Amino acid sequence: MKTAKIFDTERLVVRPLNVNDREDFFDMMGNPKVMNPIPREAMDRETSDQHFEKHLNSNTNSETKVWAIASKDDATFIGIAAFLKNNEKEDEIGYRIREKFWGIGYGTEIVKGLIDYGFNVLNVELITADVYVENVKSIKILDKFFERYFEIYNSEDNCTDLRYKLNITNYL
């Protein structure tokens, strides 16, 4: 059975989460090195499973879309990609990558893919991204595509985030 594809990039495919992703999802969400730069606590199994179940049936029509990122080569679960609404109801992208896949360009590749998908498929006019001011690796990626907009206090994570924005007219 062929899995539905949301979009793909050179090396990655973004697809709906499926039940076979549960263990790799926990490998990511339970890893302090992945979660601390957000900054969030690593999740225990129960919390990870709750988040997984919540996003398992995320679909293209819902306001919050969370999908699996997988390798085109062998379908390995790399991480998650998301489209959601920020606190100002603007379209926002997000991504999270398992530690063992860091440093090989997947972050940059998935951000570009999310931007292309947002402008060309979802037909949004503006895309934002928020990142913790100490998350140097994600800042480096977002600086390639977005303009820094402002700093904002993130009460949910009790930290200061940088808000990035990209208007479709600046991207084309």
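The coordinates are above.
The notes below deal with the structure included here. As the structure is a prediction and not an experimental result, all values here were calculated from the model.

The rules behind each value
- Residues numbered from 1 in each chain as written.
- Predicted model: local features only at pLDDT ≥ 70, side-chain atom pairs only at ≥ 80, totals over all residues.
- Heavy atoms only, no water.
- Buried < 20%, exposed > 50% of the residue type's maximum accessible area, 1.4 Å probe, protein only.
- Helix = DSSP H or I, 4+ residues; strand = E, 2+ residues; numbered from the N terminus.
- Pairing = 2+ DSSP bridges.
- Salt bridge = Lys/Arg side-chain N within 4 Å of Asp/Glu carboxyl O.

### As for the pairing of strand E4 (residues 77-85)
Every regular strand shows the same layout, with side chains that alternate between the two sheet faces.
Here is step 1: Most of E4 sits out of view: seven of its nine residues are buried.
Here is step 2: The pairing of strand E3 (residues 65-71) with E4 spans six bridges and is classified as antiparallel. Its bridge partner lying in E4, isoleucine 69 is registered against glycine 79.
Here is step 3: Between the end of E3 and the start of E4, which pair antiparallel, lie five residues, with alanine 75 showing a positive phi angle near 65°.
Here is step 4: Alignment of E4 against strand E5 (residues 91-97), held across seven bridges, turns out to be antiparallel. In the strand pairing of E5, alanine 81 is matched with tyrosine 95.

### Overview of the pattern of salt bridges
Here is step 1: Counted by the stated rule, this structure contains 18 salt bridges.
Here is step 2: As a salt-bridge pair, aspartate 8 and lysine 5 come within 3.4 Å of each other at their nearest N and O atoms.
Here is step 3: Within the structure, one salt-bridge network assembled from shared partners comprises Arg22, Glu23, Arg45, Asp49 and Glu53.

### Concerning the environment of asparagine 57
Here is step 1: Turning to its location among the elements, asparagine 57 is positioned in the loop between helix H3 (45-56) and E3.
Here is step 2: Residue classification places asparagine 57 among the exposed residues on the basis of a relative accessible area of 62%.
Here is step 3: Along the backbone, asparagine 57 and glutamate 109 are 52 residues apart, and their C-alpha atoms lie at a distance of 24 Å.

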